[in-house]
Structures are given as structure tokens and as C-alpha cells.
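As a plain string of letters, each chain reads:
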Amino acid sequence: MKVLVIGGGAREHALCRSLSLDPDVTALHCAPGNAGIAEVAELHGVNALDGTAVAELAVGLQADLVVVGPEAPLVAGVADAVRDRGIPVFGPSAQAAELEGSKAFAKDVMAAAAVPTARSYVCTTPAEVDAALDAFGAPYVVKDDGLAAGKGVVVTDDVEAARAHALACDRVVIEEFLDGPEVSLFAVTDGESVVPLQPAQDFKRAYDGDEGPNTGGMGAYSPLPWADPKLVDEVLATVLQPTVDELRRRGTPFSGLLYAGLAITSRGVRVIEFNARFGDPETQVVLARLKTPLAGLLHAAATGTLATFPPLRWSDGAAVTVVIASHNYPDTPRTGDPIDGLADVAAQDGPEAYVLHAGTKRDDSGAVLSAGGRVLSVTATGSDLTTARRRAYDAVGRISLDGSQHRTDIAAKVAADAAQAPGA
């Protein structure tokens, strides 16, 4: 199978890494990719948002499968352009991707499918914003209706900060605050059958102790030892399958990766948001535990044959990923700084720990430089969360990037709790 992956972040590096380990993948390409992806795939300088160019590349490569990683190309219709050329593609149509592209659309779908979620108002005027903030009270949850690279949500007790964020957006969804821990659950679907993956939890705030501004995610872990063993089955029955069924009923079937961001509240599971693609950094830990070869699973979803795909196989162990971010992230990051220590991680920590590149590039001399806000995802596996976490942070300690930042508490509490649990 010849596979083309679209995108250039750590999520796409995780996808390319898993695909490169799949014996059925005979050629692996990525556009545009990054410095790390270049080690496992052939890169192509194609604009990921240009559906015509992506489709032409796929045809020229005689690709058997195209995997669209980020949300922006999906909302822009890149998957449609590839499908129109007769090539199987893993990723929803532009219409179906509105599930992520518009928070208001997602709320409408959830209402029609009776999916449990927060009560909300869609606001377009200052008067509507004030009424919604007053109706729910603190803490205020304000979401930009459109794509915002994971940073369009403000949760605050400060009504003026909430109002300012709302007024800076063309259209916002203001909703009730959901208490309880958050869980990310991915599901692969061909528009009818739905195959859930293992749940993960990510860390959105920039600093230790869940302090600081929201980010695209500073780390993640899987599995979740504290979660109800029936959680996945419950979410499949009450959230994932009803949503896929509703989109098919509307004539816009969703084929690809459906991501449910969930809150485990005192009143039960509630959907915080849907995404139309693999999440970053949760993909890094979920794929680290997946033993089933990835290409066949994604191809089955792209070709409508998921119903006959064998049950997924998973590692019994754990995985932890820690994001190394540039100076000043999530504000305008500093870029162009050299990254040292990558070879040391490969030599001393592999294969249990490895580095997935996000915002990186090579200069003319071949040195790896920072080129974005989130620069690297250092990922490790182990027999349990304590071991995986130790390996991840040992590897982080070998990497040098001037002015960089990372959280030191990824999975710390859950690993400690699991180690103290009876029978541990």
C-alpha cells in the first residue's frame, strides 16, 4: 500500500511513524511534513490547504490511501478533492467536517441525535453575549464558533475577560460549565460502523498544576486507570454511533476520525466538543499503544469495509507524551533556535522513548531548528504509567532548546494514584 499523509505536526509524525512500522505499507509520503517526518517518509512541498494540488500529488504518486491529518484542510474540502479523483481518503468531507468547523453546527447535530452535552447559546451580538453570560454565571465558557487551532476556548471566572473573548469573535457559543475530569475518545468510522480507540487524557493549560492559558495541549497519557471500564461502550452507544447516524441521515456521512472531547460530570458523560481528526497530543499516546497495524484500519474506514475489520489489539502497558514548546508559547513563539540532544534520545532511550516532531525544520547545514509553538512531543511507553512517565522525562532531559518550556506534571497524579491502588 502506498500512503500519503497530509500535514506537518506531531500528530502527523505519530501517524507516519505507525504507518512506517506497518509491513503492508510499501511507500510512505507526507506533504508538507517536518524534519522528523523526513526520517520515515518522503516529503513533498505541497500546500496542505490546496485540494487540487494534494489530489494531483496523490494521483502522481499512485497512492492507495490518503490520510488528512489537520482540521483546516478537512474543513477546506481537501478530502473531497482527493475522493473526486477516485483515491480512498481517510478524513471527512468538508460538509461533515463542519462538526469541528462550527461549534453551532455541532450543537445542532447533538440536539438532533439526543447526544448529552452542555446547555448553550449561540451569540452574534453584544446583547446576546451579555444575556448568555448572565444566564450561566461563572465559571464562564466561551468558544469561538470557528477553527482556532485548539485555542479558541476561554474558561474564566472573570466576566470581563469572557466578554472580551466573545466580542473578539464573529460568532460564539457560550455554554454552561461542565464539572469533572475530561477524557478524549477517538473513533474510526466509515459513516456507518464505528470502532472506538482507547481513551486518553490531555493537559490543556500551559503550566504545572493546570495554571496559565489554554494551549493546543502540553501532554497526554493513556490508559486511564481511574475511568469506568464501561466508559467506551457507553460513549459508543450514547455519543459516537448516534452522531454518525445523524450525519448519515442528513446526507453528509462522516468517514474518518471522530474525536469526542468528554467531561465525566456528576450527572454523567457530557460532550464538550467534537473534532473531525486525530487530536494532538492524544494521538501520540493512543497510537503508541495500538498493536493492530494502522494502514489497514484507516483503509477500511476509507473504503466502507469497517464492519468486517478484525477487533483491535492493544498493548497492556501505558504511554505518556510530554510537549516541549517554544519560548512564549501559546503567545507568538520564538522560532529558529537549534535543537540538540535528539540523537542522544534515539541512542539511549529507544525504542521505549522517542521524539515526535511538531514545529521543526532543517537549516542548510542539516541542523534541526524550532519552527513553531509546540516543537516536540517526547513519547514513551512502559508497563505502567510510572515507568512510561519516567522514561518520557528522562528523554526530555536530554533535549536542549533555548528558552523552551514543558510541564513537569504530565500524568503525575494519576501515576501516583495508580501505584498506590490495591493490587498495584
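Presented here is a report on the structure given in the accompanying data block. Here the structure is a predicted model, which means the values were calculated and not measured. (Residues numbered from 1 in each chain as written. Predicted model: local features only at pLDDT ≥ 70, side-chain atom pairs only at ≥ 80, totals over all residues. Heavy atoms only, no water.)

**Describing the nonpolar core**
Judged by nonpolar contacts, the single largest core of 78 residues is most densely connected at Val 66, Leu 240, Val 320 and Ile 399. Sorting elements by how many residues they give to this core places helix H9 (residues 231–249) first, with 7 residues. Once residues lying within four places of it in the same chain are set aside, the contact partners of Val 320 are Ala 220, Tyr 221, Val 285, Val 378, Thr 379, Ala 380, Leu 385, Ala 388, Arg 389, Ala 392, Ile 410 and Ala 411. Among the nonpolar cores identified, the runner-up in size contains 40 residues, and Val 3, Leu 290, Leu 298 and Tyr 354 belong to it. (Core = buried A, V, L, I, M, F, W, Y, C linked by side-chain atoms within 4.5 Å. Buried < 20%, exposed > 50% of the residue type's maximum accessible area, 1.4 Å probe, protein only. Helix = DSSP H or I, 4+ residues; strand = E, 2+ residues; numbered from the N terminus. Contact = heavy atoms within 4.5 Å.)

**Focus: the pattern of salt bridges**
One pass over the full model with this rule turns up 25 salt bridges. Close ionic contact of Arg 398 with Asp 349 constitutes a salt bridge, the shortest N to O distance being 2.6 Å. Here Asp 349 lies in the loop between helix H12 (342–348) and strand S20 (353–357) and Arg 398 lies in the loop between helix H13 (385–396) and strand S24 (400–401), a separation of 49 residues in the sequence. Arg 398 gets classed as partly exposed once you look at its relative accessible area, which sits at 30%. Residue Asp 349 is classed as buried on the basis of its relative accessible area of 11%. (Salt bridge = Lys/Arg side-chain N within 4 Å of Asp/Glu carboxyl O.)

**A short note on the packing of helix H6 (residues 103–113) against H9**
Helix-helix packing: each pair is described by the crossing angle between the helix axes and the interaxial distance. It is at 9 Å that the axes of H6 and H9 come closest, and there the two elements cross at 105°. Considered as vectors, H6 and H9 are oriented roughly perpendicular to each other. The segment H6 lies against H9, with Phe 105, Val 109, Ala 112 and Ala 113 engaging Pro 242, Thr 243, Glu 246 and Leu 247. Across the contact of H6 with H9, the residue classes break down as 6 nonpolar, 1 polar and 1 charged. (Axes fitted to C-alpha atoms, helices over the stretch in contact; angles between N-to-C directions. Parallel < 35°, antiparallel > 145°, perpendicular 65-115°, else oblique. Nonpolar A, V, L, I, M, F, W, Y, C, P; charged D, E, K, R; others polar.)

**Let's talk about the packing of aromatic side chains**
A full pass over the atoms with the stated rule returns 5 aromatic pairs. The interplanar angle of 45° and the centroid separation of 5.3 Å between the aromatic rings of Tyr 121 and Phe 136 together place this pair among those described as tilted. Here Phe 136 lies in helix H7 (residues 126–136) and Tyr 121 lies in strand S6 (residues 120–123), a separation of 15 residues in the sequence. You can call Tyr 121 partly exposed: its relative accessible area is 41%. Assessed through its relative accessible area of 17%, Phe 136 is described here as buried. Among the aromatic residues, those joined into a ring-pair cluster are Phe 90, Phe 186, Tyr 259 and Phe 278. The ring of Tyr 354 carries Arg 17 above its face, with NZ or CZ at 3.6 Å from the centroid. (Phe/Tyr/Trp six-rings, centres within 6.5 Å; stacked < 30°, edge-to-face > 60°. Lys NZ or Arg CZ within 6 Å of the ring centre and 35° of its normal.)

**Observations concerning the side chain of Arg 289**
Its location among the elements puts Arg 289 in helix H10 (residues 282–289). Buried charge Arg 289 goes without a salt bridge, the closest partner of opposite sign being Asp 316 at 6.3 Å. If we ignore the near neighbours within four places in the chain, the residues touching Arg 289 are Gln 198, Ser 222, Pro 223, Arg 313, Trp 314, Ser 315, Gly 317, Ala 318 and Ala 319. (Lys, Arg positive; Asp, Glu negative; His and termini not counted.)

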